[in-house]
Every structure is written in C-alpha cells, then in structure tokens.
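Geometric and topological summary
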Amino acid sequence: MTESKDCERLLHSLGEYVEGELSEDLCAEIERHLLECHNCQVVVNTLRKTIELYHEEKEQDVMPPEVSRRLYMRLNLEDYLRP
Ligand SMILES: [Zn+2]
C-alpha cells in the first residue's frame, strides 16, 4: 500500500502546509496527493477550521509552535489513517 505510506509521510507536513510554511515543492506534492486521497482532505479541512478558530479567538496572526504541536496531538491525526 504505497498510498497510506504517502499519507503517513505527508501527514507530518500537513500542519505546515495549512499554515503556509511549506516549500513550493512540498505544497505541490501535497496538493497532488489531496486530489486523490479523501483521508488527507479531511485532515486538511479539520486543520484549517481549527486554526481559523484559534486565530479568531486569540486574534493572533501566528500560532506559536508549541500550541500547534499540542493541537495536532489532540486531533490525533494518525486516527484518520486507520480504517
Ligand atoms: Zn493521504
């Protein structure tokens, strides 16, 4: 299953992707993957909503790394990849 292997690898970059901190190359790779992977689409949508909420609440432009790390842990992103 090369597909889920891709998911695992990209999953760790999705947070940075949503925050717009990823290199162009990786962004393109993720976008290509998102087109055919529903799991990762769900993860990205969830992350986007969560981050938007956070920004609205705190009125901050940048999420401190510590906060986003805790956020992603709480979301249990790996769960999305389990059948
Ligand atoms: Zn995927």
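Residues numbered from 1 in each chain as written. Predicted model: local features only at pLDDT ≥ 70, side-chain atom pairs only at ≥ 80, totals over all residues. Heavy atoms only, no water.

A closer look at the coordination of the zinc ion
Every protein donor of the zinc ion is listed here as Cys-7 (SG), His-33 (NE2), Cys-37 (SG) and Cys-40 (SG), and their distances to the metal cover 2.0 to 2.3 Å. Coordination at the zinc ion is tetrahedral, judged from the four donor atoms that bind it and the angles of 105 to 114 degrees they form at the metal. (Donors = N, O, S within 2.8 Å, 3.2 Å for Na, K, Ca; no water. Tetrahedral: all angles 85-135°; square planar, octahedral: opposite > 155°, others 65-115°.)

A word on helix α2 (residues 24-36)
End to end, α2 covers 19 Å across 13 residues, agreeing with the expected 18 Å (1.5 Å per residue, within 8%). Along α2, the residues that are buried comprise Cys-27, Ile-30, His-33 and Leu-34. Angular distribution of buried residues about the axis of α2 spans 130 degrees; they occupy a single face of the element. Pointing more than 90 degrees away from the buried face of α2 are the exposed residues Glu-24, Asp-25, Arg-32, Leu-35 and Glu-36. (Helix = DSSP H or I, 4+ residues; strand = E, 2+ residues; numbered from the N terminus. Expected span 1.5 Å × (residues − 1). Buried < 20%, exposed > 50% of the residue type's maximum accessible area, 1.4 Å probe, protein only. Arc of directions from axis to C-beta.)

Some thoughts on the confidence of the model for the protein
Confidence in the prediction for the protein averages 79 pLDDT; 67% of positions are at 70 or higher. Confidence scores differ between elements of the protein, with helix α5 (residues 77-80) showing the lowest mean pLDDT of 64 and α2 the highest of 94. (pLDDT = per-residue confidence, 0-100.)

With respect to the pattern of salt bridges
Across all of its chains, the model carries two salt bridges by this definition. Among the charged side chains, a salt-bridge network with shared partners connects Asp-6, Arg-9 and Glu-29. (Salt bridge = Lys/Arg side-chain N within 4 Å of Asp/Glu carboxyl O.)

Observations regarding the side chain of Ser-13
Along the chain, Ser-13 turns up in helix α1 (residues 2-19). Beyond its immediate chain neighbours, meaning those up to four positions away, Ser-13 contacts Leu-22 and Ile-30. (Contact = heavy atoms within 4.5 Å.)

Focus: the side chain of Thr-50
Within the secondary structure layout, Thr-50 lies in helix α3 (residues 38-58). Using a relative accessible area of 18% as the deciding quantity, one classes Thr-50 as buried. Only 2.6 Å separates the side chain of Thr-50 from the backbone oxygen of Thr-46, close enough to count as a polar contact. (Polar contact = N/O pair within 3.5 Å; in protein donor to acceptor, adjacent residues only side chain to side chain.)

Focus on the UniProt feature "domain: Putative zinc-finger" (unreviewed entry) in the protein
Those residues carrying the UniProt feature "domain: Putative zinc-finger" (unreviewed entry) are residues 7-41 in this numbering. Annotated as 86% helix and 0% strand, the span residues 7-41 places its first and last C-alpha atoms 11 Å apart. (UniProt positions renumbered as here; feature names shortened; annotations may be inferred.)

Concerning the nonpolar core
The biggest cluster of nonpolar side chains holds 16 residues, and the ones touching the most others in it are Leu-14, Tyr-17, Val-18, Ile-30, Leu-34, Cys-40 and Val-44. Per element, the largest residue contribution to this core is six residues, and it comes from α1. Setting aside its immediate chain neighbours within four residues, Tyr-17 contacts Leu-22, Cys-27, Ile-30, Glu-31, Leu-34, Val-44 and Arg-48. (Core = buried A, V, L, I, M, F, W, Y, C linked by side-chain atoms within 4.5 Å.)

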